[in-house]
Amino acid sequence: MSAGDQSPNPQPDHARMHSVSDETRGIVDLVLEYSRRRILATDTPLDHASSPKELRRLAGPTISEEGLGSRRALSVFEHILAPACITTDHPQYLSFIPSAPSKAAIAFDLVVSASALYGGSWMEGAGAVYAENEVLAWLASEFGLPEGAGGVFVQGGTIGNLSALVAARDRARALRERAGLVSRPEGGWAVVCSAEAHSSIKSAARVMDVDVVPVLADDDGVLRAAAVREALEQRGDRVFAVVATGGSTNFGVVDDIAGIAALKHDFDFWLHIDGAYGLTAMLSPLGRPHFGGVERADSVIVDPHKWLFAPYDVCALVYRDPEHGRQAHTQHAEYLDVLTERAAYDPSDYSIQLTRRPRGLPLWFSLATYGAAAYREAVTHSIALARRIADEIERRPGLRLVRRPQLSVVVFERDGWERADYDRWSDRLLDEQRAFVVPSSHAGRPNTRFAIVNPLTAFEQLTEILDTME
Ligand SMILES: *Cc1c(COP(=O)(O)O)cnc(C)c1O
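What counts, and where the lines are drawn
Residues numbered from 1 in each chain as written. Predicted model: local features only at pLDDT ≥ 70, side-chain atom pairs only at ≥ 80, totals over all residues. Near = placed C-beta within 6 Å. Nonpolar A, V, L, I, M, F, W, Y, C, P; charged D, E, K, R; others polar. Domains from an automatic or database assignment. Axes fitted to C-alpha atoms, helices over the stretch in contact; angles between N-to-C directions. Helix = DSSP H or I, 4+ residues; strand = E, 2+ residues; numbered from the N terminus. Parallel < 35°, antiparallel > 145°, perpendicular 65-115°, else oblique. Left-handed = near helix turned anticlockwise from the far one by under 90°. Contact = placed C-beta atoms within 7 Å. Pairing = 2+ DSSP bridges.

Trainee: Can you explain the site of the ligand? Please cite residues and give values.
Mentor: Among the 13 residues in the neighbourhood of the ligand, the closest are listed as Gly 156, Gly 157, Thr 158, His 198 and Ala 276. Of the residues in the shell around the ligand, the class split is four nonpolar, seven polar and two charged.

Trainee: Can you tell me about the domain arrangement of the protein chain, naming the residues and giving the values?
Mentor: We note that the domain assignment places domain 1 (1-85), domain 2 (117-370) and domain 3 (372-467) within the protein chain. A straight line from the C-alpha centre of domain 1 to that of domain 3 covers 37 Å.

Trainee: Got a sec to walk through the packing of helix 5 (residues 122-142) against helix 13 (residues 361-370)? Specific residues and values, please.
Mentor: Relative orientation of the contacting elements helix 5 and helix 13 amounts to 65°, with a least axis distance of 9 Å. It follows that helix 5 is roughly perpendicular to helix 13 by the angle criterion. Seen from above, helix 5 lies across helix 13 with left-handed handedness. Packed against helix 5, whose contacting residues are Ala 128, Ala 131, Glu 132, Glu 134 and Val 135, the element helix 13 presents Leu 361, Leu 363, Trp 364 and Leu 367 at the interface. Residue classes in the contact of helix 5 with helix 13 are distributed as seven nonpolar, no polar and two charged.

Trainee: A description of the sheet that holds strand 7 (residues 315-319) should follow, citing residues and the corresponding values.
Mentor: Taken in spatial order, the seven strands make up an open sheet running 1-7-6-5-4-2-3, and their pairing is mixed. Two strands bound the open sheet, and with one partner strand each, they are strand 1 (150-154) and strand 3 (211-215). Geometrically, the sheet is characterised by an average inter-axis angle of 20° between neighbouring strands, direction not taken into account. In the sheet, strand 2 (residues 190-194) pairs with strand 4 (residues 239-245) via four bridges, with the strands oriented parallel. Following the sheet pairing, Ala 190 is matched in strand 4 by Val 239. Of the strands in this sheet, strand 2, strand 3 and strand 4 touch helix 8 (residues 225-235), which is tilted by about 145° from strand 3.

Trainee: Run through the packing of helix 14 (residues 372-395) against helix 16 (residues 459-467), naming residues and quoting values.
Mentor: How two helices sit against one another is set out by the angle between their axes and by the gap between those axes. Direction vectors running N to C along helix 14 and helix 16 enclose 30°, while the axes themselves pass 10 Å from each other. Considered as vectors, helix 14 and helix 16 are oriented roughly parallel to each other. Handedness of the crossing formed by helix 14 with helix 16: right-handed. Mapping the contact onto sequence places Leu 385, Arg 388, Ile 389, Glu 392 and Ile 393 in helix 14 and Phe 459, Leu 462, Thr 463 and Leu 466 in helix 16. In terms of residue class, the contact of helix 14 with helix 16 is built from six nonpolar, one polar and two charged.

Set out below in structure tokens:
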């Protein structure tokens, strides 16, 4: 036993890990104190990865028959493992899509764990499911979807996109069968999306064994209706879904959703909006104008762990008519009959998953605590900051915007820099713990980008990074 775990343990050994004892109380205090420190810290460094060899050298073996005791195990985490993880909620973390969970959302994540909530069925988790559904209904109404729209919180955008596309194909199959056709069209099913769509669409198509029809976006990165129309005319009834991106990950570019949705007049397809990063911008008057047509979508996703200030990992999957999701995803098994025979709302029926943590609850608590207006302001801040730093980049000799930002991703180049120059610069920024900004590329040319979602990211921090490129 380690220090702090010294009291005699009255419980038989088989129950040592579960019973409430002095040892247990010590562990809980230790972990909550650490969590409190981390949540309230304002100086958590960016940190950086280390090699397996270095981590082995520092941490030594941590799994043994006797255990290390909580104090040592936590100390290994705090001093060795955690510093080998990048601080994704650091204001100068500007790569990929950062994470910026609100303090209330982070704190409540502990409550979700502490409460042993099961979020798969109404029977077991009615209260949790009620709260999650209230958030999904609120999101649906922000997106202009009709009353009755709903769905489920899943692990991430990849699973959300896959679940939506499976539901789309299921509906297309059912329509064919009802029309007396074989369920699979000649040539096989296909999904139409932008050539700049997220890799998870291709991944979903691979899993589903369907073809992707990549359609070229215009030079500004926007997928427009004319090109989609052409693809639909060529592929005919092979196409079960069109995916429009509501804020591409690389550029934050929003496809012409209204134009694509209008094609529903002439073609029968399921319109899915991949808004994992960008759909959140609809909360802000600065972002909303880009998203006309979302109200006509059959399904949408948005990742609260990106720009809706929830901790990892959570995606809101919303169907216009959740019944399509339920038809496609309900699992049937003898031991589940007691659930599936009821008419209750069971979140597990709406995606590819059965057991689930009610992972929408941290967002629920944060929204309930601060109110929607606080979200609108925080999102507006990021868009305004992206515009301001884009102006600054245009003003500076030697720097060039690759595209004007629509949302909060700013992509730019430094004249004369090769990939190796960006690599050296990026490594130095992290070595000096100033910022995490990685190289990217577009059309074969290297560049770099600021992805801004953290309300604590400040204009001056960004200009200081630009200064290092001179
Ligand atoms: C991040 C992202 C995804 C994938 O979401 P995960 O949560 O990482 O699985 C899909 N589409 C877009 C547009 C994204 O930005």
